Amino acid sequence: MKTDKKINRQWLLARRPVGTLTSEDFEYKESAVPTPSEGEVLVRMLYFGYDASQRLWISEHGGYMKPVQVGEPIRCMGIGQVVSSRHADYAEGDLVDGFFSWQDYVVTKPDAQMPLRILPKADYPLSWNLGVFGVGGLTAYFGVTDVLRVKPGDTVVVSAATGATGSIAGDICKALGAKQVIGFAGGPEKCRWILEKAHFDAAIDYKNDDVEQRLRELCPDGVDAYYDNAGGDILDTMFLHMAPRGRMVLCGAMSSDYSDMDGFQGPKNYVLAITKMLRMEGVHLFFYRDRLAEGVAQLARWVEEGKVHVEECLYEGFEKAPELLASVFTGKRPGKMVLKVGDPE
Ligand SMILES: NC(=O)c1ccc[n+]([C@@H]2O[C@H](COP(=O)([O-])OP(=O)(O)OC[C@H]3O[C@@H](n4cnc5c(N)ncnc54)[C@H](OP(=O)(O)O)[C@@H]3O)[C@@H](O)[C@H]2O)c1
């Protein structure tokens, strides 16, 4: 799979996947480089970002976005460089991020659900715009500050704490003065990572520990704020350990395989929200599309002060795109998973 500027390499959806992804679900194709029409820009892709939602987008239902159809390239968040523009706000050479797909060249209309952001010249790696300054970091920022409203003295629990979103959510809670931030991670090595690299105070190994027992030990007075990236059994258990008037933010559901909308397990213990007077609210970055710059500015300050740890799980090579998506569910390294497919000019 060599790069040739006259060829557009693509990974297409070969069939509607069932359950766990396999290589037969994807088809490699080479086609001509497309041309933008009025109001569109042509972008050459440099990085593909990975997110569990991509699995939902290629399902029949599609989740919160139009489903990717068989024969279409797989949608992703990504970073690219404008090759030609027929839109007044974008010029050749601009580095941009937004919704793209697994191809070398993507024609896009900038007025989609999320803005096509022009990326500032910066002294940090370009790929950070997909992680700490992208969907993970920004959702964590608004989820913690606007929805959970974490304050000094709070005891906070975060699930999927090694993930691109959870690790930064934990760091933000500490930066805001939380008394204790506890993270769920799968296995001893990942538990060590959230203590040594991210700024968590304690870890619960949801694969090996007695989760109930650990929560009783660590939070005898209950949990004030819970950042949920897991759903399923972890969310059920958290209802039992929330303090009166505790807050929960629903961000993701990693306990599900995201293969269709029917597969998400609803909370069994939700009646405790009544008796403990809990507040439970979702977060979705689309609702903050006008405040992204505010989030980036604050996250950048925390990164500079060493309060937010940035971790990337970086790969290189267009051919790796499909296999990496499967690994989001089967176990990936901590941090934001990103695939480099090109260099800027
Ligand atoms: N609402 C929004 O706008 C928004 C924005 C960004 C992300 N999200 C969602 O937030 C969630 C986390 O995203 P991310 O980008 O941080 O993830 P990520 O970097 O792809 O990492 C996935 C995480 O899920 C954990 N995990 C895997 N299987 C699990 C299970 N059965 N139970 C509990 N944890 C499990 C992994 O931890 P271990 O390896 O330790 O198990 C890992 O930390 C996803 O569901 C994503 O779709 C939502």
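Residues numbered from 1 in each chain as written. Predicted model: local features only at pLDDT ≥ 70, side-chain atom pairs only at ≥ 80, totals over all residues. Heavy atoms only, no water.

## Quick look at the packing of helix α2 (residues 135-148) against helix α3 (residues 166-175)
Using the following cut-off: To obtain an axis, a line is fitted to C-alpha atoms, over the contacting stretch when the element is a helix, and the angle between two such axes runs from 0 to 180 degrees between their N-to-C directions. Helix and strand assignments follow DSSP, with helices taken as H or I runs no shorter than four residues and strands as E runs no shorter than two, numbered in order from the N terminus. Any angle that falls under 35 degrees is termed roughly parallel, while one over 145 is termed roughly antiparallel, one within 65 to 115 roughly perpendicular, and all others oblique. Should the near helix be turned counterclockwise from the far one by less than a right angle, the crossing is left-handed, whereas a clockwise turn marks it as right-handed. Contacts: residue pairs with any heavy atoms within 4.5 Å of one another. Asp, Glu, Lys and Arg are counted as charged, while Ala, Val, Leu, Ile, Met, Phe, Trp, Tyr, Cys and Pro are counted as nonpolar; the rest, among them Gly, fall into the polar class.
Remark: α2 packs on α3, axes separated minimally by 8 Å, with the N-to-C direction vectors making an angle of 45°. Taken together, α2 and α3 sit at an angle that is classed as oblique. α3 is crossed by α2, and the crossing has right-handed handedness. Judged by residue contacts, Gly137, Ala140, Tyr141, Val144 and Thr145 of α2 engage Ile168, Ala169, Ile172 and Cys173 from α3. Of the residues assigned to the contact of α2 with α3, the class counts are seven nonpolar, two polar and no charged.

## Describing the site of the ligand
Our working rule: One heavy atom within 4 Å of a molecule or strand makes the whole residue count as near it. Between N or O atoms, a polar contact is any pair within 3.5 Å; within protein, one atom must be a potential hydrogen donor and the other a potential acceptor, and residues adjacent in sequence are included only when both atoms are from side chains. Note on areas: Shrake-Rupley with a 1.4 Å probe; residue coverage comes only from the protein chains shown.
Near the ligand lie 29 residues; those nearest to it are Thr165, Gly186, Lys190, Tyr206 and Tyr258. Note that an oxygen atom of the ligand is positioned 2.4 Å from one of the side-chain N or O atoms of tyrosine 206. In this structure, lysine 332 approaches the ligand through a side-chain N or O atom, which is 2.9 Å from an oxygen atom. In isolation the ligand offers 920 Å² of accessible surface; the protein chains occlude 92% of this area.

## Focus: the packing of α2 against helix α8 (residues 292-304)
Helix packing for two helices is described by the angle between their axes and how far apart those axes are. Where α2 contacts α8, the two axes come as close as 10 Å, and the packing angle between them is 95°. One finds that α2 runs roughly perpendicular with respect to α8. Of α8, the residues touching α2 (which contributes Gly137, Leu138, Tyr141 and Phe142) are Leu292, Glu294, Gly295, Val296, Gln298, Leu299 and Trp302. Considering only residue class, the contact of α2 with α8 consists of seven nonpolar, three polar and one charged.

## Focus on the sheet that holds strand β10 (residues 202-205)
Convention followed: Two strands pair under a simple rule: DSSP has to find at least two bridges between them.
Read from one edge of the open sheet, six strands run β10-β9-β8-β11-β12-β13, paired in parallel fashion. Every other strand in the sheet has two partners, leaving β10 and β13 (279-282) as the edge strands with one partner each. Pairwise comparison of adjacent strand axes, ignoring direction, gives a mean angle of 15° for this sheet. Bridging between strand β8 (residues 155-158) and strand β11 (residues 223-228) involves three bridges; their strand directions are parallel. Counterpart to valine 158 in the pairing with β11 is tyrosine 227. The sheet contacts of α3 involve β8, β9 (180-185) and β11, and relative to β8 the element is tilted by about 170°.

## A look at the domain arrangement of the protein
Under the convention used in this document: Here the limits of each domain have been adopted from an automatic or database domain assignment. Here the quantity called buried area is the accessible surface, traced with a 1.4 Å probe, that two parts lose on coming together, added over both. For this document, the term salt bridge refers to a Lys or Arg side-chain nitrogen within 4 Å of an Asp or Glu carboxyl oxygen.
For the protein, the assigned domains read domain 1 (7-131 + 310-340) and domain 2 (135-287). Measuring from the centre of the C-alpha atoms in domain 1 to the corresponding centre in domain 2 gives 28 Å. Of the residues lining the interface, 24 residues belong to domain 1; the matching set on domain 2 comes to 20 residues. Summing the contributions of domain 1 and of domain 2, the shared interface buries around 1,800 Å²; its carbon and sulfur component is 69%. When the buried surface of domain 1 facing domain 2 is broken down by residue, Leu56, Met114 and Pro334 rank first, second and third, together holding 24% of it. On the surface where domain 1 and domain 2 come into contact, there are zero salt bridges. Among the secondary structure elements, those contributing two or more residues to the side of domain 1 that touches domain 2 are α1 (53-57) and α9 (321-330). Per-element tally for the side of domain 1 that touches domain 2: the top contributor is α1, with three residues. Class assignment of the residues belonging to the side of domain 1 that touches domain 2 gives a composition of 10 nonpolar, nine polar and five charged.

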